[in-house]
Amino acid sequence: MVLPPFDYFTYRRVRNLKQRERAARFASLPASYHTAFTAFDKSVINKPIGQLVQEVQNSSLAATDVLRTYGKVAVKAQEKTNCVTELLLPEAELWAQSEVNLKGPLAGVPISLKDSVQVKGFDITLGYTRLACKPYQEDGPMVKLLKDAGAVPYAKTALPVTLLSFESANALWGHCRNPHVPEYSPGGSTGGEGALLALGGRIGIGSDVAGSVRVPAAWSGIYSLRCSTGRWPKNGVNTSMAGQEGIPSVFSPMARTLNDLTYFTEAIISMKPWLYDYTVHPIVWRGEEEKEAKNKNLRIGLMVSDGVVPPTPAITRALTTTVDALTAAGHTVTEITPPTNADPFKGLDLASQLLNSDGCTTFNSHRHNFEPSDPGADQLTRIANLPRPLRYLYYLWVRYIRRDTKWATLIRGFGLKSAADQWKLVAQREAFRSTWHSWWDAEPQQYDFILCPANATPALPHRAMRDAVSSCGYTFLWNLLDYSAGVLPISHVDAKEDALSTPYKTALKQLGANHAIAQGAWKHYDAAKMAGLPTAVQVVGRRWQEEKVLGYMEAVEKALEQQGHKYALLEID
């Protein structure tokens, strides 16, 4: 065992080793991987996924040729964004020829995976040097399923150390950059997927415990679906918080287009994933629900704000644009009034306590001494580690001197919980879910889905999580409730149209939200610097309504396109 402070040198040595290994794998690729995209490459990238699969199945298109196109995508995306942790080429070429079922529903479709997914021959580092240099001897159940379906894993992608951040940076691999504006984050914790898919990738898989597939979709300009627990495989992965089940993490799909997202979700469920992973419920694909959802007049609940962090102007414009398009298409949109005894802020407080009930011990246990952590996680750790009397004094100061009741409430409830405390929190979670279930069924609600922001802001600059770590209520709420939720991009930030008309603290005061949680997010809002970053909305259904949510997303996209608001994907060059 290496004792502190000497394990600092171990961290540095392992970091340098892994980065050299990664660079060598990219450099050793044949020269064709480093050339410009050809007409063939662009046709493959833009080909509808159903057609791509059909051509591989009938052998008119070789799976290895498709894979080489996406190898080029990985090379170019890595150069721009530092999104790849483990390059699975050339092993993927061998898998495509010998292990992958090229008659399956995903025949020849290259797939990228969050770094936490188990692939034989490769590490799962999670951004920690302590977990490096420990390659797995076999594929996990999720990768076995993918190969049986015909998919070809070709890259593992960036995430933040701790997996509790809307950034995707760690001391092992460095910062992953936003594909639109590199000074900004692509989102997290599945930010590497967001960047790679935005730059031409096809399909990806990430995990989501507080918004980790939805925020990268919103900040990078792609599509994602947060599945309810038990609908998507999760066995054969690692996590920074093993055993944490107060807010279960769910693995879920991400894609460059909505058509790809729907096709992929249906294909995986058609493979009966419950035969591969005991955590999956045997719920077959219900195609009639998806079709009905996208072809009916919809009753939509609108949640403009989570009552904690108001949406910034760019996000408000995206939401307004969507509402106007849906109304013009004949759908009914009504602003919701959440249940008073289970409002979104109460949900944020409860979810935060459940998620970090170990006092931030577990995600910090994987680090070498002096190995840098995520700035937001560092802030959570400092609060959790305060002795109870000091934390109470801090609460009193924030509550009564600074008069910030929301931040004070989160501080008071934070910290290590006993087993008895944990049981009480789980009981509160179940009561919270029951309240929302009854509320949604009651008049005048009975919505088909709820429309809301995916986050209060577009992408934030690197290291902004030290201020904005608690600005996650728009996604975290639905994890607490275990609802299905999808994100689709709407537009891009406009420097003039989305500019603040007053200083951000003045604007927040006018909105009745001049507290630390909102300030932490809004202080980084600058429409001029953010120009070109994507904006997005979130479509929320109920538990195990993945088919319906995908149908609702298509209805939203169709309404937007009818009004001339088709989202422009990044050009592949």
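Conventions used here
- For every chain, the first residue of the written sequence is number 1, and numbering continues from 1 onward in sequence order.
- Owing to the predicted nature of the model, reporting of local features is limited to residues with pLDDT of at least 70; listing and counting of side-chain atom pairs is limited to 80 or more, with chain, interface and lining totals taken over all residues.
- As a rule here, side-chain values come from all non-hydrogen atoms in the structure, and water together with hydrogens is ignored.
- UniProt positions are given in the numbering used here, feature names are shortened, and annotations may be inferred rather than shown by experiment.
- Ring pairs are drawn from Phe, Tyr and Trp, using the six-membered ring of Trp, whenever the two centres fall within 6.5 Å, and their geometry is named by plane angle: stacked under 30 degrees, edge-to-face over 60, tilted for the rest.
- Using a 1.4 Å probe on the protein chains alone, a residue whose accessible area is under 20% of its type maximum counts as buried, one over 50% counts as exposed, and one in between counts as partly exposed.
- A run of DSSP states H or I qualifies as a helix once it reaches four residues; a run of E qualifies as a strand once it reaches two. Both are numbered from the N-terminal end.
- Should a side-chain nitrogen of Lys or Arg be within 4 Å of a carboxyl oxygen of Asp or Glu, the pair is scored as a salt bridge.
- At least two bridges found by DSSP between two strands are what make those strands a pair.
- For cavity detection a 1 Å grid was placed over the protein atoms alone, and a set of points counts as a cavity when a 1.4 Å probe fits there but cannot get out; an open set counts as a pocket when protein lies on both sides within 12 Å along at least five of seven lines, with lining residues being those that have an atom within 4 Å of a point.

Under the annotation held in an unreviewed UniProt entry, the chain carries the name amidase and is attributed to Aspergillus candidus. In its Sequence similarities (unreviewed entry) section, the UniProt entry covering the chain states "Belongs to the amidase family." The chain has a UniProt comment under Catalytic activity (unreviewed entry) that states "a monocarboxylic acid amide + H2O = a monocarboxylate + NH4(+)".

What follows covers the packing of aromatic side chains. As enumerated under the stated definition, the model contains 15 aromatic pairs in all. Here Tyr8 and Phe9 contribute two aromatic rings whose centre-to-centre distance is 5.5 Å and whose plane-to-plane angle is 75 degrees, an arrangement assigned as edge-to-face. Its relative accessible area of 25% is what places Tyr8 among the partly exposed residues. Between the aromatic rings of Trp440 and Tyr483, the centroid separation amounts to 5.6 Å while the plane-to-plane angle is 80 degrees, which identifies the pairing as edge-to-face. Here Trp440, found in helix 17 (residues 419–441), pairs with Tyr483, found in the loop between helix 19 (473–481) and strand 12 (485–492); they are 43 residues apart in sequence, far enough to count as distant. Since its relative accessible area comes to 1%, Trp440 is described here as buried. Under the relative-accessibility criterion, Tyr483 is labelled buried at 5%. The rings of Trp436, Trp439, Trp440, Tyr447, Trp478 and Tyr483 are connected pair by pair, giving a single aromatic cluster.

The next point concerns the pattern of salt bridges. Side chains carrying opposite charge are able to pair once their charged atoms draw close together. Under the counting rule described, the total for this entry stands at 33 salt bridges. Here Arg231 makes a salt bridge to Glu547, at a shortest N to O gap of 2.6 Å. Here Arg231 is found in the loop between strand 7 (223–226) and strand 8 (250–255), whereas its partner Glu547 is found in helix 23 (residues 546–562), with 316 residues between them in sequence. Glu547 sits in the buried class, given a relative accessible area of 0%. The partner of Glu554 in a salt bridge is Lys294, and the shortest N-O contact between them spans 3.4 Å.

Below, the discussion takes up the pairing of strand 8. Counting buried residues in strand 8 gives six out of six residues, a clear majority hidden from the surface. Neither face of strand 8 is exposed, since Val250, Ser252 and Met254 on one face and Phe251, Pro253 and Ala255 on the opposite face are all buried. Summarising the sheet, strand 6 (residues 203–208) and strand 8 pair through six bridges and their orientation is antiparallel. Along strand 8, the bridge assignment pairs Gly206 with Ser252. Pairing of strand 7 with strand 8, which is carried by two bridges, proceeds in the antiparallel orientation. Paired with Ser224 across the two strands is Met254, which belongs to strand 8.

Mapped onto this structure's residue numbering, the UniProt feature "binding site: substrate" (unreviewed entry) falls at Leu163, Ser189, Val209, Ala210, Gly211 and Ser212. These annotated residues cover 50 residues of sequence, but their C-alpha atoms sit close together, with the largest distance between any two at 10.8 Å. For the largest cavity, the lining residues among the annotations just cited are Leu163, Val209, Ala210 and Ser212. When you line up the elements, Val209 lands in the loop between strand 6 and helix 8 (214–220).

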